[in-house]
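Working through the structure, step by step
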Amino acid sequence: MNKWMEKFHLYKEKVDAWQSTKWARRLRISSSVVWNLCLIFLVVGLILGAFATAVGAGYFTSLIKDEPLRKKEEMRAAVFNYEETSEIYFAGDVYLGKLRTDLERTETDLANVSPYVIDAVLATEDEYFKVHNGIVPKAIFRGLLQDMTNSDTQTGGSTLTQQLIKNQILTNEVSYERKAKEILLAMRLEEFMSKDEILEAYLNIIPYGRNANGRNIAGIETAAQGIFNVKAKDLTLPQAAYIAGIPQAPFKYTPFSNGGVLKEGESLKHGIDRMKVVLYRMKETGYITEAEYQAAVNYDITKDFRQKETLPEEKYPWLTFEIEKRVRDILSVQLAEKDGVDLEALEKDDPLIEKYNIMAQRAASTGGYRIHTTINKDMYEKMLQVRDAFESYGHTYTNISVKDPITGETVTKDFPVQVGSMLIENGTGRILSFLGGRDYNVEQYNHATQAVRSMGSTIKPLVVYAPAIEYGVIGAGSPLADVKFNINDNGNKWSPSNYTTEQELGIISARQAVTTSQNLSTIRLYDQIKDKKPTDFMMKMGFESIEEDEYANLALSIGGMRKGASLEENTNAYGTFANNGQFVDAYMIEKIVDVEGNVVYQHKVEPVDVFSPQTAYIMTDILRDVMTQGTAKLANSRLKFQSDFGAKTGTTQGHSDSWLVGYNPNVSLGVWLGYDEQKLTLFHMNNRYGHPSVRINTLWSNMMNAMYDINPELMDAPNAFQAPEGVVSRSFCGISGLAPSTACEQAGLVKSDLFNAKVMLPTQADDSLVSSSYVVINGSKYRSLDSTPSEFVTAGGHGVSEDFIKRMLGRFGGDASKLFPNDSSFASNVVSEKVFEADGTPPAPVTTSLTGNTMTWTKSASSDVVGYRVYQVVNGNRVLMATKKEAENYSYQITSPGQYVVVTVDITGLQSGASNIATINAPEPVIPVLPPEEPVEEVPEQPVPGDGNGGGGEVIITPPVEPTPPPEEESTP
């Protein structure tokens, strides 16, 4: 201790001696001054720093004063509330594609992201991510200094947390206010979320340019699939580095152009150079080794870029857009209900509809929904194949002048025949497949779901025959009058006709009227029921275009709707018959699931009672005949399988539309052909393409056979339609529909068919028949007059009463003689009792001619002729040789020579003048011609046996003589 003290005193003495020197004293004074100055500067600096800090803090406070204090739940919800692209699925969870959107995004979690991606992002975007509390002060000050000095080098100062705040809570606005709020919220978010949560959210929201289809993309999973066609978890080091480099300048570094085309040259090199920068940063920060860096930086990344894929709207345009529309409709209703909007009011408020449609469209595109449809992928693609293979659509009209619906100007367009088809599962209403048209690039209109067309004769079972059965007005075989008429309702004149204009079938059954699609009988039946508003049945079956007062329009019964119906509506309605009278609304969206797996929409089957099971079965039984012997017979004959089908065809006026809807217990298939310009006709160039009816039958069978190839168990229903209790077969008088009477039985007029015992049975005895004598005029039967020559009268026939005639012709009236025309099934049994109104003048004569021994004559020009008399003229007098009824042939076989004439007789007994004379001359006598005599050899006389004198005579042999033919017959004018 003493030793150390001695050394201390020694050093002190030396220091004191040094300080006592002159230059040491000067240094001490100078250092004291410097020290004092330093103290002064330090104090001033601290004061200025405090002032600057106070000013900065005050300025910072002023920038964030309007920013509310956000709660944990609010901030987390905002961060995780990023848009995600919705996906579409075929039936059976078969992936179809993504819905159209301005920005595609598919969410993923951190566990499904390649470690290379995480390392590349941290090395490039936020080196201190794992240790900072949301911000890096030196980076902020560096960025602030660069900004204040307007430096050319802008390194940025945002952490991943700050970028997350900017994208999800704030905006991309460039301002100190936004930056101040970003800093504050980033520090606050770090308290509410873990590092992994922040990193996962960042990777899901950050933009990555464009994918191989040219669509804008965001999120690591979308980028991995859209650029390299791999999952995010499977990205390699070069791929991860390339993607991690994109966010700094997304549209500069993305490898694809706006159209999805791979960039070339310098444009592509920008992204590759950026990838190399990312790899270098990864090496410098220790995430990869030198060897890994060299391998990755020399890798040819261009060979990994995916090829352009076909988008759903490109491959399945009608399907994709139809799904979008239906999802939008579903979500718009949900959004309106959530807001407490009355749905009935919504339907009538166009601005409100538009508002919720826009909201629903956004939700559908960016809500990340998983949309499950009813469409069978194989069936849908098979329908497209059938469409493309069909060669008999018809003529394409070119350069047709039409008015542009937007500009109102007259333009020229080409119009090919369009097509629509739809397959629906009856029991559930699932739309299994549909066909929207021929070529989406030519016409985008969906002819299966959107096009509203006149239904033609396919409307008849729906609004006429099934309602009439339901009301108890008819049974399947009830008689109807297929006779022409003219009406004038409120100044509207109408003279309808059948498809064959001149055709009048007379009394036919309801079954036949449907089978051969008769118009006249259908209109007459509809007139009996229209006041009951049978259009209510159509409204129950989902026809949206039918109007409240349209039931009063008689033309509705044969397809004359004001607006029409879609193929979906028509096909769906026929499924009502297959469902025992219950309508099951067709649908395409099975369910919608949100990103959390919650089912936000699930379709529910809600059957609507329309017809009784009895009516449905009887109608089906009638429509079976359409398939087996009616207008759909060709389609049935071309099927490769046999099932219990009912069907109905339809053709609109001018052949602008052609329909065929058929169903069995399992499915309904509807097919339509027509032009978008409805004034054009399918009937054009029939010689080349076939009759429109043949075309629609062929196409329907092609479609049905193709669907059978995909799913035979579904398409070929194992069980036939079964008659429910109450459907019975009863006999009735075929011409009246009443219970058979003795006279009806004797006349052979008894028929039998199906009835609904609950609403109608033929119980009243028939009283329509009376005994009758009649004549035939121009193929029709009329009651004979007292003055009618008896030889032209058919006596003892069965006629009908005037009451029957009035009842059958109803208020429309008509020619009673047409009730039983010659081609009627009743023609040989019964005649009308209508009296023919003769003209009161002798009938016009006829002209005769001869062919051999057969004399023929022309038909008289008069309209009241009942027959003809054939006379032979002998010495100026006429001898009656024969009578011929008008219904017989106009010929007479002459058996002897002479002069003959024909006289015409009318219903009143008046005769015409004689025809020209037909003459057959008598043949001239035949004179035998003998050959010259020849010498006769003498022979010894021989006794002739049997000669009593023992002698005999000569035997002369004469050759046969050829007769001379008679002269040819001739006629004398």
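These remarks concern the structure in this document. Nothing here was measured: the structure is a model prediction, and the numbers come from that model.

On to the overall build of the protein chain. Helix and strand content of the protein chain: 30 helices and 34 strands. Split into buried and exposed, the 973 residues of the protein chain put 48% on the buried side. In the protein chain, the proportion of contacts linking residues at least 24 apart, taken out of those at least 6 apart, comes to 70%. Surface summary for the protein chain: the accessible area is close to 48,000 Å², and the carbon and sulfur share equals 51%.

Let's shift gears to unusual backbone geometry. Even without a glycine there, the phi angle at N399 is positive, about 55°. As for its placement among the helices and strands, N399 is situated in strand β7 (residues 397-403). Since its relative accessible area comes to 57%, N399 is described here as exposed. Backbone geometry places K533, a non-glycine residue, at a positive phi of 60°. Assignment of secondary structure puts K533 in the loop between α21 (520-529) and α22 (535-540).

The buried fraction of strand β10 (residues 431-435) amounts to 5 of the 5 residues, a majority that puts the element mostly inside the structure. As paired elements, strand β9 (residues 418-425) and β10 share 4 bridges and run antiparallel to each other. Across the sheet, the residue bridging to S421 is L435, located in β10. Counting the residues in the hairpin turn of β9 and β10 gives 5 residues, including G429, whose phi is positive at 85°.

A word on the nonpolar core. Residues L319, F434, Y465 and W700 are the most contacted members of the largest nonpolar core, which totals 121 residues. The next biggest cluster of nonpolar side chains, apart from the first, holds 62 residues, and it includes L189, L268, M282 and Y293.

Another aspect to go through is the sheet that holds strand β28 (residues 848-851). Read across the open sheet, the 3 strands follow the order β28-β29-β32; overall the sheet is antiparallel. Lying at the two open borders of the sheet, with one neighbouring strand each, are β28 and β32 (891-893). In this sheet, neighbouring strand axes are inclined to one another by 20° on average, regardless of whether the strands run parallel or antiparallel. Relative to strand β29 (residues 854-857), β28 runs antiparallel, the two being bridged by 4 bridges. Its bridge partner lying in β29, T848 is registered against W857.

In this section: the pattern of salt bridges. Considering all chains together, one arrives at 40 salt bridges under this definition. One salt bridge connects R281 with E127, and the closest N-O pair in it is separated by 3.3 Å. Of the two residues, R281 sits in helix α12 (residues 265-284) while E127 sits in the loop between α4 (115-125) and α5 (137-148), which places them 154 residues apart along the sequence. Residue class for R281 comes out partly exposed when judged on its relative accessible area of 29%.

Moving on, we get to a nonpolar patch on the surface. The grouping of V874, V879 and M881 at the surface amounts to a nonpolar patch, some 200 Å² of accessible area in total. With respect to the helices and strands, V874 occurs in strand β30 (residues 865-874).

Along the chain, the position of D753 falls in strand β23 (residues 750-756). Ignoring sequence-local partners within four residues, the contact set of D753 consists of A476, G477, R511, V728, S729, R730 and F732.

If you walk across this open sheet you meet the 4 strands as β31-β30-β33-β34, and the pairing is antiparallel. With partners counted over all chains shown, the strands left at the sheet margins are β31 (877-885) and β34 (918-920), one partner each. When the angles between neighbouring strand axes are averaged without regard to direction, this sheet yields 30°. Relative to β31, β30 is paired through 8 bridges, and the arrangement is antiparallel.

Here helix α18 (residues 377-389) contains 13 residues, and its C-alpha end-to-end distance of 19 Å stays within 8% of the 18 Å for a straight helix at 1.5 Å per residue. For α18, the set of buried residues is M379, Y380, M383, L384, V386 and R387. Projection of α18 onto a plane perpendicular to its axis shows the buried side chains occupying an angular sector of 160°, all on one side. In α18, the exposed positions that point more than 90 degrees away from the buried face belong to D388 and A389. Contact partners of the buried residues in α18: α15 (317-338), β9, β10, β21 (667-674), α27 (692-710) and α28 (712-715).

With that settled, consider the packing of helix α9 (residues 220-228) against helix α10 (residues 237-245). Their axes nearest at 11 Å, the elements α9 and α10 cross at an angle of 115°. Taken as a pair, α9 and α10 cross one another with a handedness that is right-handed. On α10, the residues touching I220, A223, A224, I227 and F228 of α9 are Q239, Y242 and I243. For the contact of α9 with α10, the class distribution of residues is 7 nonpolar, 1 polar and no charged.

Contact pair helix α19 (residues 460-471) / helix α24 (residues 613-629): the axes reach a minimum separation of 9 Å and the direction vectors enclose 125°. Viewed along their axes, α19 and α24 adopt a mutual orientation that is oblique. For α19 against α24, the interelement crossing comes out right-handed. On α24, the residues touching P461, Y465, A466, I469 and E470 of α19 are T615, I618, M619, I622 and L623. Classifying every residue of the contact of α19 with α24 by side-chain character gives 8 nonpolar, 1 polar and 1 charged.

What follows deals with α10. Counting buried residues along α10, 9 of its 9 residues qualify, which places the element largely inside the surrounding structure. Turning to α10, its buried residues are L237, P238, Q239, A240, A241, Y242, I243, A244 and G245. Check the buried side of α10 and you find it contacts α4, β4 (207-210), α9, α11 (250-253), α12 and α13 (290-297).

What counts and how
- Residues numbered from 1 in each chain as written.
- Predicted model: local features only at pLDDT ≥ 70, side-chain atom pairs only at ≥ 80, totals over all residues.
- Heavy atoms only, no water.
- Helix = DSSP H or I, 4+ residues; strand = E, 2+ residues; numbered from the N terminus.
- Buried < 20%, exposed > 50% of the residue type's maximum accessible area, 1.4 Å probe, protein only.
- Contact = heavy atoms within 4.5 Å.
- Areas by Shrake-Rupley, 256 points an atom, 1.4 Å probe, with all protein chains shown as cover.
- Pairing = 2+ DSSP bridges.
- Core = buried A, V, L, I, M, F, W, Y, C linked by side-chain atoms within 4.5 Å.
- Axes fitted to C-alpha atoms, helices over the stretch in contact; angles between N-to-C directions.
- Salt bridge = Lys/Arg side-chain N within 4 Å of Asp/Glu carboxyl O.
- Patch = residues over 30% accessible without salt bridge, like charges linked within 9 Å, V, L, I, M, F, W, Y side chains within 5 Å.
- Expected span 1.5 Å × (residues − 1).
- Arc of directions from axis to C-beta.
- Left-handed = near helix turned anticlockwise from the far one by under 90°.
- Nonpolar A, V, L, I, M, F, W, Y, C, P; charged D, E, K, R; others polar.
- Parallel < 35°, antiparallel > 145°, perpendicular 65-115°, else oblique.

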